[in-house]
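Descriptive analysis of the structure
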Amino acid sequence: MLGATGGIGSAMADALEAGGQYQNVLRFSRSSQPAFNLTDEASIAACAAAAGQAGNVRLVFDATGFLHDEATAPEKALRQLTPAAMEKNFRLNAMGPALVMKHFLPLLPREGRSVFATLSARVGSISDNSLGGWHSYRASKAALNQFVRCAAIELKRTHKEAVCIGLHPGTVQSDLSAPFAKSGLNVRPPEQAAEDLLRVIGSLGPPQSGRQFAYDGSEVPA
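Summarised in this report is the structure supplied together with it. (Residues numbered from 1 in each chain as written. Predicted model: local features only at pLDDT ≥ 70, side-chain atom pairs only at ≥ 80, totals over all residues. Heavy atoms only, no water.)

Burial analysis of strand S3 (residues 162–168) places seven of its seven residues in the buried class, the great majority of the element. In S3, alternate side chains face the same way, and those of Ala-162, Cys-164, Gly-166 and His-168 on one face and Val-163, Ile-165 and Leu-167 on the other are all buried. The pairing of strand S2 (residues 114–119) with S3 spans six bridges and is parallel. The residue of S3 that forms the bridge with Ala-117 is Ile-165. Handedness of the crossover joining S2 and S3 through helix H4 (residues 135–156): right-handed. Where S3 lies against strand S6 (residues 212–214), three bridges are found, and the strand directions are parallel. Considered in S6, the bridge of His-168 is made with Ala-214. (Buried < 20%, exposed > 50% of the residue type's maximum accessible area, 1.4 Å probe, protein only. Helix = DSSP H or I, 4+ residues; strand = E, 2+ residues; numbered from the N terminus. Pairing = 2+ DSSP bridges. Right-handed = clockwise from strand over helix to strand, strands pointing away.)

This is the structure:
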């Protein structure tokens, strides 16, 4: 589990441990040993090495993502774009997960089912975008979806039963979603989101690799 101290990451790790399907659930975060830092490739490589030494890696779940902080908020108009905000979104939502794929996908066994899943977002869909806005976040998640697609194609050449997917968790109770939780919006606790996402992961096979799926099992269009 990468990003194991976040709302979804922590709930996913708890659910995996409770389910008993996996012998060992590793939790990587800034406070783990080795530490996981999405902006530091050396730390990603160190975590991948630790995971490889722990045994067969059948599931890699990347629960990282960035939407806002004190200095950066989703843009409502093009005039609000700044290089710093765009760079931060792409570094954390696309570049970081791509480097996770670079170092973790080779750990998946070549025989038998294995899964790499990363948190994407419905707003990363180009064809489903009818509202505009949130330019940097949308574009960075669209870039992530392309990385997932490319990685799945490459992975299939050597790992016939592997699944590489992006997952849209919906709106989950967390610091990330709190400022945007409007009245009437279906905001779910992390534990429910984890249960939903694990159900989706369990339902997918190699034919669905490279695509994006929502927490209810529906496919998110590209």
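Okay, the environment of Gln-23 next. Relative to the helices and strands, Gln-23 is located in the loop between helix H1 (7–19) and helix H2 (41–53). Taking C-alpha positions, Gln-23 is 20 Å from Pro-34, a pair spaced 11 residues apart along the chain.

This paragraph deals with the packing of helix H3 (residues 83–104) against H4. For the pair H3 and H4, the least separation of the axes is 8 Å and the interaxial angle reads 15°. Classified by the angle between their axes, H3 and H4 sit roughly parallel to one another. Taken as a pair, H3 and H4 cross one another with a handedness that is right-handed. Contact residues: H3 offers Ala-85, Met-86, Asn-89, Phe-90, Asn-93, Ala-94, Pro-97, Ala-98 and Met-101, while H4 offers Ser-136, Tyr-137, Ala-139, Ser-140, Lys-141, Ala-143, Leu-144, Phe-147, Val-148 and Ala-151. Class assignment of the residues belonging to the contact of H3 with H4 gives a composition of 14 nonpolar, four polar and one charged. (Axes fitted to C-alpha atoms, helices over the stretch in contact; angles between N-to-C directions. Parallel < 35°, antiparallel > 145°, perpendicular 65-115°, else oblique. Left-handed = near helix turned anticlockwise from the far one by under 90°. Contact = heavy atoms within 4.5 Å. Nonpolar A, V, L, I, M, F, W, Y, C, P; charged D, E, K, R; others polar.)

Because each turn of an α-helix spans 3.6 residues, side chains separated by three or four positions in sequence point in the same direction. With 22 residues, H4 extends 32 Å from end C-alpha to end C-alpha; this agrees with the ideal 32 Å at 1.5 Å per step. Taken together, the buried positions of H4 are Ser-136, Tyr-137, Arg-138, Ser-140, Lys-141, Leu-144, Asn-145, Val-148, Ala-151, Ala-152 and Leu-155. (Expected span 1.5 Å × (residues − 1).)

In this section: the packing of aromatic side chains. In the structure shown here, the tally under the stated rule is one aromatic pair. Each ring, one from Trp-134 and one from Tyr-137, has its centre 5.9 Å from the other, and the planes form 75°; the classification is edge-to-face. In this structure Tyr-137 comes out as buried when scored by relative accessible area, which is 11%. Looking at Arg-188, its charged tip hangs above the ring of Tyr-215, at a distance of 3.8 Å from the centre. (Phe/Tyr/Trp six-rings, centres within 6.5 Å; stacked < 30°, edge-to-face > 60°. Lys NZ or Arg CZ within 6 Å of the ring centre and 35° of its normal.)

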